[in-house]
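One-letter residues, chain by chain:
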Protein chains: 2
Amino acid sequence: MIKMRNIKLTIEYDGKDFNGWQKQPNRLNIQGEIERAILEVTGKEVNLIASGRTDAGVHALGQVANFKIDSNFPIEKMAIALNSKLKHSIRIQKAEEVEEDFHARYHCKRKTYRYVIDNSEQGSAIYRGLEYHVAQKLDVKGMQEAIDYFVGEHNFSAFKSSGTSSKSSVRTIYEARILEKEGERIWIELTGNGFLYNMVRIIAGTILEVGLGKRKPQEIPEIIQSKKRENAGKTLPAQGLFLVKVEYEKCEKSFAKTLAK
Amino acid sequence: MIKMRNIKLTIEYDGKDFNGWQKQPNRLNIQGEIERAILEVTGKEVNLIASGRTDAGVHALGQVANFKIDSNFPIEKMAIALNSKLKHSIRIQKAEEVEEDFHARYHCKRKTYRYVIDNSEQGSAIYRGLEYHVAQKLDVKGMQEAIDYFVGEHNFSAFKSSGTSSKSSVRTIYEARILEKEGERIWIELTGNGFLYNMVRIIAGTILEVGLGKRKPQEIPEIIQSKKRENAGKTLPAQGLFLVKVEYEKCEKSFAKTLAK
């Protein structure tokens, strides 16, 4: 009998080609495509668990997912084998064998999201599907001041879309920053222990309104405290959002401790 | 009577959406699309002259073109008006009124091209149409050594595809460099007074062979001197090639001198 192995994948994808991560009938989705590739390569049906779903149109540079499989397929050949069965708009960047208890979703983690605004006058022809264009010159200093208020543990009810089933709206933001890039791009980056439905896109929309001079940075704490969605800014479109990375380092340590007991 | 005006456009485009710059019937091309937009905006048929044609699939960050027009359409609104009539894979970045003798093609100029190689193990999902993927780790130092031999005035017959009508194959390369970018990208950049048909893609293909260890940097001078296409490397695919910018500064000075006499 072949031992059950636990495989961790690090995945890049171009969200505009898919109706989001989650498997659903008759609509192209990332989970379904990768599960199909795994079946073609190993002959095994698996259940692929992501760190979290991404919506239709959202991109990933480093989504993480895992699956259990009873197959001896060599791990060092798995990424290239899966890629050979996948559209080029999904690339498995890494495949690793991990401890049997590793769980991409429930293991505690740090996730980093980036929202990309193209602040050039006319927008970009080449990167058009990978950013959100705003022609009016933004107040980047004000945006930086605004984003600093998000750091820490807060109830983010004002920054989630309805229709979510999360029990708690309390999340912790570890780091938040605005980066100015060549080509007049502005990156809004957030690292936290988890994000509510549409949370990054609503935070980005609120910070954008600060950049446009429609709100003051000092209004952010009140908006958070109000816990009311209507006090925050608009949800920006999916095309500018990237799941940059998911880090499990700390968790694996605490897991190792549990094992050692 | 309206005075004839000379308009200079700076244009960005995503080459994968077009069959190249040049106007041709029944095939989507950049020149034809922009001439159509100018007609829709101003009511005038014009002849748009580029600094040079780009082939099917080649991208531009800063192509330059000009056209003569007898229209009072306000220049400060022209870029945004043209963009409203164009697919988003073409963006007019700038429209300026220039001296009547400015000619995007015949005016002497410096052109900069970039060839982008993705040297990551699995390739990129997100930037897949904007680079050429090479999984084998490249010898970047060797590539830098190789590219230095191209600087200067040379007969580049070994680095042009047949079927070109240029009278002379002598061109001057002012600058040549290899840049390593985050995300394991390698940029091959060349600035010169002009480039023969497929010249950048053949130079990039030859330098890539140095990076792969198939050739030595020291072979480059012999290849140039041989003037034989079969001694150079392969023509790399169009998708990795960008026309970065076209500079006319020096020319405008010499033109100004001519006028002053």
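Values in this document were obtained by computation on a predicted structure and should not be read as measured data. (Residues numbered from 1 in each chain as written. Chains lettered and ligands numbered in written order. Predicted model: local features only at pLDDT ≥ 70, side-chain atom pairs only at ≥ 80, totals over all residues. Heavy atoms only, no water.)

S.K.: What's the story with the overall build of chain A in this structure? I'm lost.
M.R.: The secondary structure content of chain A amounts to six helices and 10 strands. For a compact globule of 261 residues, the expected C-alpha radius of gyration is about 18 Å, and chain A comes in at 20 Å, within 12% of that figure. Principal-axis analysis of the C-alpha atoms gives chain A an extent of 65 × 50 × 35 Å. The buried share among the 261 residues of chain A stands at 53%. Total accessible area computed for chain A in this model is approximately 12500 Å², and 48% of it derives from carbon and sulfur atoms. Averaged over its 42 positive side-chain charges, chain A has a centre that lies 4 Å from the centre of its 34 negative ones. (Helix = DSSP H or I, 4+ residues; strand = E, 2+ residues; numbered from the N terminus. Rg over C-alpha atoms; globule rule 2.2 N^0.38 Å. Buried < 20%, exposed > 50% of the residue type's maximum accessible area, 1.4 Å probe, protein only. Areas by Shrake-Rupley, 256 points an atom, 1.4 Å probe, with all protein chains shown as cover. Lys, Arg positive; Asp, Glu negative; His and termini not counted. Charge placed at Lys NZ, Arg CZ, Asp CG, Glu CD.)

S.K.: I would appreciate a short explanation of the side chain of Thr 54 of chain B in the present structure.
M.R.: All names here are of chain B. If you trace the backbone, Thr 54 turns up in the loop between strand 2 (49-50) and strand 3 (59-69). Judged by its relative accessible area of 4%, Thr 54 is buried. Of the polar contacts made by the side chain of Thr 54, one reaches the side chain of Tyr 13; its length is 2.7 Å. Setting aside chain neighbours within four positions, we find Thr 54 in contact with Tyr 13, Gly 20, Trp 21, Gln 63, Tyr 113 and Leu 243. (Polar contact = N/O pair within 3.5 Å; in protein donor to acceptor, adjacent residues only side chain to side chain. Contact = heavy atoms within 4.5 Å.)

S.K.: How should I be thinking about the pattern of salt bridges in this particular structure?
M.R.: Oppositely charged side chains are able to pair whenever their charged atoms sit close together. In this structure the tally under the stated criterion is 38 salt bridges over all chains. Here Arg 36 of chain B and Glu 40 of chain B are joined by a salt bridge, their closest N and O atoms 2.7 Å apart. In this pair, Arg 36 of chain B and Glu 40 of chain B are both assigned in helix 1 (residues 30-42), four residues apart and thus about one turn of the helix distant. Look at Arg 36 of chain B and you get partly exposed, because its relative accessible area is 28%. A network of salt bridges, in which partner residues are shared, links Arg 110, Arg 114, Glu 175, Arg 177, Glu 189, Lys 245 and Glu 247 of chain A. (Salt bridge = Lys/Arg side-chain N within 4 Å of Asp/Glu carboxyl O.)

S.K.: So what exactly am I meant to see when it comes to the relation of the copies chain A and chain B here?
M.R.: Superposition record for chain A on chain B: RMSD 0.0 Å, screw rotation 180°, translation along axis 0.0 Å. Both copies are brought into coincidence by an operation consistent with a two-fold rotation axis. Residue Tyr 127 of chain A of chain A places its C-alpha closer to the rotation axis than any other residue of that unit, at 4.5 Å. The overlap is high: 100% of the interface residues of chain A also sit at the interface in chain B, so the same surface is used on both sides. (Least-squares fit on C-alpha atoms with pLDDT ≥ 70 in both.)

S.K.: How should I be thinking about helix 1 (residues 30-42) of chain A in this particular structure?
M.R.: Residues separated by three or four positions in an α-helix point in the same direction, a consequence of the helix having 3.6 residues per turn. Residue and element names in this part refer to chain A. The end-to-end C-alpha distance of helix 1 is 18 Å, a good match for the 18 Å that 13 residues give at a rise of 1.5 Å each. Considered for burial, the residues of helix 1 that qualify are Ile 30, Gln 31, Gly 32, Glu 33, Ile 34, Glu 35, Ala 37, Ile 38, Val 41 and Thr 42. Taken together, the buried residues of helix 1 touch strand 1 (5-13), strand 3 (59-69), helix 2 (78-85) and strand 4 (90-98). If you check the start of helix 1, you find a side-chain oxygen 2.6 Å away from the backbone N of Gly 32, and it comes from Asn 29. (Expected span 1.5 Å × (residues − 1).)

S.K.: Mind showing me how you'd approach the packing of aromatic side chains here?
M.R.: The geometry of an aromatic ring pair comes down to the distance between the two centres and the angle between the two planes. For the structure shown, the criterion picks out 12 aromatic pairs over all chains. With a centroid separation of 6.2 Å and 40° between ring planes, the pair formed by Tyr 13 of chain B and Trp 21 of chain B is classed as tilted. Trp 21 of chain B shares its class with Tyr 13 of chain B; the two are buried. Seen from their ring centres, Phe 150 of chain B and Phe 156 of chain B are 6.5 Å apart, and the 15° between their planes marks the pair as stacked. The structure contains a cluster of three or more aromatic residues connected by ring pairs, namely Phe 150, Phe 156 and Phe 159 of chain A. For the cation-ring pair, Arg 114 of chain A lies above Trp 187 of chain A, with the distance from its terminal atom to the ring centre recorded as 3.6 Å. Directly above the aromatic system of Trp 187 of chain A lies the positively charged group of Lys 181 of chain A, at a separation of 4.3 Å from the ring centroid. (Phe/Tyr/Trp six-rings, centres within 6.5 Å; stacked < 30°, edge-to-face > 60°. Lys NZ or Arg CZ within 6 Å of the ring centre and 35° of its normal.)

S.K.: I keep staring at the interface of chain A and chain B and nothing clicks. Help me out?
M.R.: Where the parts come together, the accessible area they lose is often given as the size of the interface. Counting residues at the interface gives 27 residues for chain A and 27 residues for chain B. Counting the surface lost from both chain A and chain B, the interface buries some 2000 Å², and carbon and sulfur atoms represent 54% of this. Of all residues in chain A, Gln 122, Ile 126 and Arg 128 of chain A bury the most surface against chain B, accounting for 35% of the area lost on that side. For Arg 128 of chain B, the salt bridge identified is with Asp 17 of chain A, shortest N-O distance 3.1 Å. At the boundary of chain A and chain B, one finds 14 residue pairs in polar contact (both at pLDDT 80 or more). At the level of secondary structure, the elements contributing two or more residues to the side of chain A that touches chain B comprise strand 1, strand 3, helix 2 and strand 4 of chain A. In the side of chain A that touches chain B, the residues fall into 12 nonpolar, eight polar and seven charged. (Buried area = accessible area lost by both parts, 1.4 Å probe. Nonpolar A, V, L, I, M, F, W, Y, C, P; charged D, E, K, R; others polar.)

S.K.: Got a minute to help me understand the domain arrangement of chain A in this structure?
M.R.: Residues and elements named next belong to chain A. Domain boundaries in chain A define domain 1 (5-107) and domain 2 (110-244). Inter-centroid distance (C-alpha atoms) of domain 1 to domain 2 is 27 Å. Taken together, the 14 residues of domain 1 in the interface contact 14 residues of domain 2. Carbon and sulfur atoms supply 57% of the area buried between domain 1 and domain 2, which totals about 1000 Å² over both sides. (Domains from an automatic or database assignment.)

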